[in-house]
Amino acid sequence: MQKPPQAVDFALKETSPNIGAGALTTDKLACTYDLVEQMQYLYVRVVKAKDLPGKDVTGSCDPYVEVKLGNYKGTTKHFEKKTNPEWNQVFAFSKERIQASVLEVSVKDKDVVVDDLIGRVLFELNDIPKRVPPDSPLAPQWYRLEDRKGDKIKHGELMLAVWMGTQADEAFPDAWHSDAAAVGPDGVANIRSKVYLSPKLWYVRVNVIEAQDLVPGDKSRFPESFVKVTLGNQALRTRISQSRSIHPMWNEDLIFVVAEPFEEPLILTVEDREGPNKDELLGKCVIPLQIVQRRLDYKPVNTRWYNLEKHVVADGEQKKEIKFASRIHLRVCLDGGYHVLDESTHYSSDLRPTAKQLWRPSIGILELGILSAVGLMPMKTKDGRGTTDAYCVAKYGQKWIRTRTIVDSFTPKWNEQYTWEVFDPCTVISIGVFDNGHVQGGKDSRIGKVRIRLSTLETDRVYTHSYPLIVLQQSGVKKTGEVQLAVRFTCSSLINMLHMYSHPLLPKMHYIHPLSVIQLDSLRQQAMQIVSMRLSRAEPPLRKEVVEYMLDVDSHMWSMRRSKANFFRIMGVLRGLIAVGKWFDQICNWKNPLTTILIHILFIILVLYPELILPTIFLYLFLIGIWNFRWRPRHPPHMDTRLSHADAAHPDELDEEFDSFPTSRPSDIVRMRYDRLRSIAGRVQTVIGDLATQGERFQSLLSWRDPRATTLFVVFCLGAAVVLYVTPFQVVALLIGIYVLRHPRFRHKLPSVPLNFFRRLPARSDSMI
């Protein structure tokens, strides 16, 4: 059966790239860099020069080096009035684009009008040696400079190293690349490949217990005191103390997220609610996090009394008045036993607790080869035409990687390989493709994202697939290209990995002292902001829009499309139970007499030999599992537009999903959407109410809310106990089974007596307003 065109367009495609892991090769590169295609580069390391002759009137020179190969030309920075400069810069020329046979390295004198040539060195490409890691780097050598005629000049030498290598060379990440020749020297740093590390995050737990000897400004009333705790841009407050006195009590937990190194202190203020929007400061306490105790388990830390300082304003100047009589009783700790969630819980790449002492050993290695992309859509306009400066970002655990930017190409080839340690197989690696806005000074546009769950991968197998890049926009779902990846999950110990399946998913502190859903959601938002801020301050920065897209910052927002998708996911899960119910109904109604007779025989055997019931069930499940092995998935799961209902979403639903919060739409559209939301919520409310009603009817069987119904049920239970006591269980089960499987001619179309009795039982819906 042929798939519809759209399904084929968004499908995952298996590829066969020419990588070391898929071919028999003796190349050393295949041992450690075997998930990508080899890309040959000509490397030129310009180290330094000495005894350069002066070209200016003053006898000095402003030297720089120009490395030229055909139409490509790279230059070092220039020094003013220096005859012994040191550059230590590397230039890389892609062999695919080489259109010359001679490499020219020239030392020039920077001038206002025309730069003067001091000297040059020429290399024949056929004579340049090859180097393959892990060989040691090629030692640079001194070369005498020549003039344009090829004669050696009297003074001036240049130290160089020239070799042919691949992208596995350690000089590759920091090199100037010929394919980015159009980027100015200021923008080169923003297009190189980099590795970033997320900051180490902690939960800060502040247990506010009580305060003593508060001094309110108004002595005629008892203070309505509360405590406000601030940490950076996070602020939480306790409820107003129920004990209206100068010795209030709260005993509340407030939790914050903080990142190492701890730059900001914990600031606590005790305030008095004097009236609406009018609070009086009764005392303040500043606690540096460096002195806070770190807790690794569930044992409570020691409490401590802190002095409160009261700030008063006198004559327009702020002064401190120390009140040692006012104190606050706190229990403050850094909770290292939790995993600080900064990702969506459905796509977590790391589940370890904060404290390294609690980490388990790694169970394997994840290797990712980012090969290439095809068919990328133009994201911006340059010189009247569309262009894309694409790069990839991958995030797993605390390690982020960013490939180099391929400038002005819709079919970029990166061929970069990265490695992560794996501590849990039930984790997800996310790979995003972006258009670099640094080149033209704009934002980094998202091109698409891929998620791969490690537990769906077979160990030691190289997966080479082309993943569709899918972006949902207000106009609908769009395919923005394809990215080709090579993935390998290597397990160091199969026993350890299988043992992981018996452990809780999160650290045990999440189960011993669980955080509420509201707390987790709020803390995750704070954690994402901290990670985004720290990575945007790196050099070059990993920009905020990139980090937020990789961390699914908007996954908690309401979406009609997502709600529909989740509903149909539930229906898909229940479809199996519904199918079993329909099959059993057909058995009971004798739709296929032969099958029904066989079921009768099986039922009688299981009743006569009840010890065969559980073995039969598990044997049946075993046979189903073995049968389904033939159709097991052979590729990782990918973004599914049909499952997400992205290809069938109404335009207004997409417009609502991309609306800002709070809304920016006109009032009539908001009113229409609100009415639609109320309609759908009403249906959900009805379904939930029906489920609650059925549960309450079960409770009312013995609650005597309906005395007559409970009397009937209690008498029935007594009679059933007597009958079951004197009658063998096999006889009772046989009679009930024969009754349920009876022929349709012995059935009535009216509901059965037990069902009628159950539907007449009272529920608490009568008490609903």
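Residues numbered from 1 in each chain as written. Predicted model: local features only at pLDDT ≥ 70, side-chain atom pairs only at ≥ 80, totals over all residues. Heavy atoms only, no water.

For the protein, an unreviewed UniProt entry supplies the name C2 domain-containing protein and the organism Manihot esculenta. What the UniProt record of the protein gives under Sequence similarities (unreviewed entry) is the line "Belongs to the MCTP family." (UniProt positions renumbered as here; feature names shortened; annotations may be inferred.)

### Some words on the UniProt feature "transmembrane region" (unreviewed entry) in the protein
Here, the residues flagged by UniProt with the feature "transmembrane region" (unreviewed entry) are residues 596-629 and 712-741. In residues 596-629, helix accounts for 85% and strand for 0%; the two terminal C-alpha atoms are 29 Å from one another. End-to-end, the C-alpha atoms of residues 712-741 are 27 Å apart, and along that stretch the chain is 90% helix and 0% strand. (Helix = DSSP H or I, 4+ residues; strand = E, 2+ residues; numbered from the N terminus.)

### Thoughts on the sheet that holds strand E11 (residues 194-197)
Here we have five strands laid out as an open sheet, ordered E11-E25-E24-E27-E28, and antiparallel in their pairing. Looking along the sheet, the strands with just one partner apiece sit at the ends: E11 and strand E28 (445-453). Each strand axis lies, on average, 20° off the axis of its neighbour in the sheet, ignoring direction. In terms of strand pairing, strand E24 (residues 390-396) meets strand E27 (residues 428-435) through six bridges, oriented antiparallel. By the bridge assignment, Tyr391 is partnered in E27 with Phe434. (Pairing = 2+ DSSP bridges. Axes fitted to C-alpha atoms, helices over the stretch in contact; angles between N-to-C directions.)

### Re a nonpolar patch on the surface
A cluster of nonpolar side chains, Leu594, Ile597, Leu598, Ile601, Ile604, Ile605, Leu608, Tyr609, Leu612 and Ile738, forms an exposed patch at the surface whose accessible area comes to about 900 Å². Ranked by the residues each element gives to the nonpolar patch, the list is headed by helix H8 (residues 593-608), at seven residues. One can find Ile597 in helix H8. (Patch = residues over 30% accessible without salt bridge, like charges linked within 9 Å, V, L, I, M, F, W, Y side chains within 5 Å. Areas by Shrake-Rupley, 256 points an atom, 1.4 Å probe, with all protein chains shown as cover. Salt bridge = Lys/Arg side-chain N within 4 Å of Asp/Glu carboxyl O.)

### Some points on the packing of aromatic side chains
Scanning all chains against the criterion turns up 15 aromatic pairs. Relative to Tyr549, the ring of Phe434 has its centre 5.7 Å away and its plane inclined at 85°; by these criteria the two rings are edge-to-face. Here Tyr549 lies in helix H6 (residues 544-550) and Phe434 lies in strand E27, a separation of 115 residues in the sequence. Assessed through its relative accessible area of 1%, Phe434 is described here as buried. (Phe/Tyr/Trp six-rings, centres within 6.5 Å; stacked < 30°, edge-to-face > 60°. Buried < 20%, exposed > 50% of the residue type's maximum accessible area, 1.4 Å probe, protein only.)

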